[in-house]
Amino acid sequence: MPTPTDPTVPAPREAAPSSSAETPVIEFTDVEKRFGDNVVLKDLNFTVSRGERVTLIGPSGSGKTTILRLVMTLEELTGGYIFIDGEPLTHEERNGKRVPVSKKRQKALRTRIGMVFQQFNLFPNMTVLENIIEAPIHVLGRPKKDAIEHAHSLLEQVGLPDKADAHPTSLSGGQQQRVAIARALAMDPEILLLDEVTSALDPEVVGDVLNILREVADTTNVTMLIVTHEMGFARDVSHKVMMFDGGRVVEEGHPDKIFTNPEHERTQKFLGAVLGHN
Amino acid sequence: MDWFEDWPQYFEALNNFSERLIDGLLTTIQLTLLGGALAFVVAVVLGLMAGSPSLWVRGPARVIIEFFRGISLLVLLFWMVYVLPLFWMANPGLPGEDFVRNNFLIGITALGINYGAYGAEAVRASLTTVSKGQWEATTALSMSWPHKMRRIIFPQAWALMIPSLTNLWVHLLKGSAIVYILPGINDLTFELDNLRRPTDIWFSHAFVGLVSYFILALILTLFMQILEARAKHKLGRGPSLREILSPDPKAAPPDAAVPVQQDAAQAKEGK
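Residues numbered from 1 in each chain as written. Chains lettered and ligands numbered in written order. Predicted model: local features only at pLDDT ≥ 70, side-chain atom pairs only at ≥ 80, totals over all residues. Heavy atoms only, no water.

Trainee: Which residues make up the layout of surface pockets, and what values do they have?
Mentor: Put simply, the largest pocket is a space of about 1300 Å³. If you trace the largest pocket, you find 35 residues lining it, with K103(A), R110(A), P53(B), T139(B) and K148(B) closest to the centre. Of all the secondary-structure elements, those providing two or more residues to the lining of the largest pocket are α2 (103–110) of chain A together with α1 (7–50), α5 (103–129), α6 (132–140) and α7 (145–175) of chain B. (1 Å grid on protein atoms, 1.4 Å probe; cavity = no way out; pocket = protein on both sides within 12 Å on 5 of 7 lines; lining within 4 Å. Points joined across faces, edges and corners; volume = space filled by probe spheres on them. Helix = DSSP H or I, 4+ residues; strand = E, 2+ residues; numbered from the N terminus.)

Shown next, in the form of structure tokens:
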């Protein structure tokens, strides 16, 4: 059972949400993704329950980032189906045929999904505050006053309360990424996609960004799909780790098991190489 | 220099013609401003269409761009003034007759679509230089197409397209001289031709014409440079206008001073 979240208690990580009869938040069914003749993902099936935090690991080119990009509809799904809260995100089966869903339905689902990118991708033509409030006001239709209040509390949360009027280009990489996290959270997403969010950062600020994400994980019930090379973070935060290679899931399980006692040889080799650096 | 011995009289002639020359100058300025405004609208609309992933939007835009880029402005003007009215002569009562009879509007329209077709390429090209990450961030925030264009993508492309648009606008200023072939359009070139009669072509065109057009072009360029500096500052690149215009160079941030020095160095090397 997921424990009710209480921000005052730095509670130990609650158990993974039970994957019972409840509809999964994300469901991949026979997903295939190809770029031309290059098949990146094949026959991929997995589900993510509400509030679950799943980390995808594996060598580069194994298709982890592609999975996040498919959920965010940044890539065209070439085969199979993705369901968000049980509803088809890109295509559905109608009369035995695979047909695209309407843009309107897709947009309604997409507003529940947020993403933080490796390269931050803040809008340089706007201040930090404007970056955060733009979509809540103009996409979700929130009142400006509420959006600004929310933005200030998020900036507080990511440790940048005095940077609201700063320009993104005047911030360091770590600060930009923290703003990007605030911007994604400002949409109150059900699902948060984290795509190698610390890979472009200086080593000494990686810890700050990860601590903010740990706090988000501890204090909210947001479902997270994480691609990272920070194995310590993956181990602390996630309920489940999935090891990818060549577009397939090689092994999956609880992080304690995957990191201490991986079954598959490919996982052992990968973790040996990655952890060897530390 | 016996070459210049008649010039005192010529300046007297210039003085006598000054009223008409100023009228001509105003006509040229009107053609440049209104034609430029129309060209900008045409460039943005066609440029956005030409950048669309849909063939049904991109295709027509490409045909229009290639057609109006490919035909000469002179031919376009002739066509609009002498051929277009034939349709109204053949079909009396067709709407829009006021337009085809108004040579000033014809001139603006011809300048606008001709230079707009060139500008469309500048718009399209600068839209593609906005990084993919920016487009993806707008998708991740579920922004609609008009919203992301207006608020995120176009403001960033704007800083990049200004230098090309400045070029085209100066071209348009000079292209406006061609409009003097239209009956009733007494622009600067037309009035310079009148000035040539009591003086000579060296004085009227090579001196008065050169200086007038050069100053007009210089004003346009300066105005566009101000727009560019402002657009860049909004993207967090380069100093603000106040810093640029400040007499105290220390007011500019140190990193903003570097590109200026580089430019100066490059200019020296170029010479």
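Read on for the rest.
Trainee: I'd like a rundown of unusual backbone geometry, residues and numbers included.
Mentor: Even without being glycine, D30(A) reaches a positive phi, approximately 50°. Looking at the element boundaries, D30(A) is found in strand β1 (residues 26–35). D30(A) sits in the partly exposed class, given a relative accessible area of 43%. Phi at S142(B) is positive, roughly 60°, even though this residue is not glycine. Relative to the assigned elements, S142(B) resides in the loop between α6 and α7. In this structure S142(B) comes out as buried when scored by relative accessible area, which is 0%. (Buried < 20%, exposed > 50% of the residue type's maximum accessible area, 1.4 Å probe, protein only.)

Trainee: Please provide a residue-by-residue account of the interface of chain A and chain B, values included.
Mentor: Opposite the 24 residues of chain A that make contact, chain B presents 20 residues. Area buried by chain A at its contact with chain B is led by F123(A), N125(A) and E134(A), which between them contribute 27% of it. Connecting chain A to chain B are 2 salt bridges. For E134(A), the salt bridge is made with R151(B), and the minimal N-O distance between the two is 2.7 Å. Counting across the interface, chain A meets chain B through 7 residue pairs in polar contact (both at pLDDT 80 or more). For the side of chain A that touches chain B, the secondary structure elements donating two or more residues are α2, β8 (113–116) and α3 (128–138) of chain A. If one sorts the elements of the side of chain A that touches chain B by residue count, α3(A) sits on top with 3 residues. (Contact = heavy atoms within 4.5 Å. Buried area = accessible area lost by both parts, 1.4 Å probe. Salt bridge = Lys/Arg side-chain N within 4 Å of Asp/Glu carboxyl O. Polar contact = N/O pair within 3.5 Å; in protein donor to acceptor, adjacent residues only side chain to side chain.)

Trainee: Residue-level account of the side chain of T189(B), with values.
Mentor: Residues and elements named next belong to chain B. The topology assignment puts T189 in helix α8 (residues 188–196). A distance of 2.7 Å separates polar atoms of two side chains, one belonging to T189 and the other to Y213. With residues near it in sequence (within four places) discarded, T189 still touches A177, Y180, H205 and Y213.

Trainee: Any chance you could break down the UniProt feature "transmembrane region" (unreviewed entry) in chain B for me, citing the residues and the numbers?
Mentor: The UniProt feature table records "transmembrane region" (unreviewed entry) at residues 29–51, 63–84, 104–123, 157–182 and 202–227 of chain B. End C-alpha atoms of residues 29–51 of chain B are separated by 32 Å, and the span's content is 96% helix alongside 0% strand. (UniProt positions renumbered as here; feature names shortened; annotations may be inferred.)

Trainee: So what about the UniProt feature "domain: ABC transporter" (unreviewed entry) in chain A? Which residues, and what values?
Mentor: Residues annotated in UniProt with the feature "domain: ABC transporter" (unreviewed entry) correspond here to residues 26–271 of chain A. In this annotation, residues 26–271 of chain A is assigned 37% helix and 28% strand; the end-to-end C-alpha distance for the span is 26 Å.

Trainee: Report on a nonpolar patch on the surface, specifying residues and quantitative values.
Mentor: Residues and elements named next belong to chain B. On the surface, F11, F207, L210, V211, F214, I215, L218, I219 and L222 cluster together into a nonpolar patch covering about 820 Å² of accessible area. By residue number, the principal contributor to the nonpolar patch is helix α9 (residues 201–234), which donates 8 residues. Within the secondary structure layout, F214 lies in helix α9. (Patch = residues over 30% accessible without salt bridge, like charges linked within 9 Å, V, L, I, M, F, W, Y side chains within 5 Å. Areas by Shrake-Rupley, 256 points an atom, 1.4 Å probe, with all protein chains shown as cover.)

Trainee: Any chance you could break down the packing of aromatic side chains for me, citing the residues and the numbers?
Mentor: Centre distance and the angle of the planes are the two values used to describe a pair of aromatic rings. Tallied over the full model, the rule gives 15 aromatic pairs over all chains. Ring centres of F67(B) and F68(B) lie 5.0 Å apart, and the angle between their planes is 80°; this geometry places the pair in the edge-to-face category. Residue classification places F67(B) among the partly exposed positions, given a relative accessible area of 47%. Grouping aromatic residues by their ring pairs yields a cluster made of W7(B), Y10(B), F11(B), F203(B) and F207(B). Its end group placed over the ring of F35(A), K33(A) keeps NZ or CZ at 4.5 Å from the ring centre. Looking at R183(A), its charged tip hangs above the ring of F123(A), at a distance of 4.5 Å from the centre. (Phe/Tyr/Trp six-rings, centres within 6.5 Å; stacked < 30°, edge-to-face > 60°. Lys NZ or Arg CZ within 6 Å of the ring centre and 35° of its normal.)

Trainee: Give a detailed account of the sheet that holds strand β5 (residues 87–88) of chain A, specifying residues and quantitative values.
Mentor: All names here are of chain A. Spatial strand order, β2-β1-β4-β5: 4 strands in an open sheet with antiparallel pairing. A strand with exactly one partner marks an edge of an open sheet, and here the two such strands are β2 (38–48) and β5. As paired elements, strand β4 (residues 79–84) and β5 share 2 bridges and run antiparallel to each other. Looking at the pairing, I84 lines up with E87 of β5. (Pairing = 2+ DSSP bridges.)

Trainee: Quick one: what's the story with empty space enclosed by the protein, residue by residue and with numbers?
Mentor: The full count for this structure, using the stated rule, is 1 cavity of 30 Å³ or more. Its boundaries defined by the atoms lining it, the largest cavity holds a volume of some 40 Å³. The wall of the largest cavity is formed by G114(A), M115(A), F117(A), R183(A), A184(A), A137(B), A140(B) and L141(B). Here the lining of the largest cavity is composed, by residue class, of 6 nonpolar, 1 polar and 1 charged. (Nonpolar A, V, L, I, M, F, W, Y, C, P; charged D, E, K, R; others polar.)

Trainee: A description of the confidence of the model for chain A should follow, citing residues and the corresponding values.
Mentor: This prediction gives chain A a mean pLDDT of 89; 92% of its residues lie at or above 70. Contacts from residues 1–12 of chain A, a stretch scored under 50 in pLDDT, to residues over four places away or in other chains number 6 contacts. (pLDDT = per-residue confidence, 0-100.)

Trainee: Can you explain the sheet that holds strand β3 (residues 53–57) of chain A? Please cite residues and give values.
Mentor: Residue and element names in this part refer to chain A. The 6 strands are arranged β8-β9-β10-β3-β11-β12 in an open sheet whose pairing can be described as mixed. Lying at the two open borders of the sheet, with one neighbouring strand each, are β8 and β12 (248–253). On average, each strand axis in the sheet is inclined to that of its neighbour by 20°, with strand direction left out of account. Sheet topology note: the β3/strand β10 (residues 223–227) ladder contains 4 bridges and is parallel. Note that in β10 the partner of R53 across the bridge is M224. (Axes fitted to C-alpha atoms, helices over the stretch in contact; angles between N-to-C directions.)

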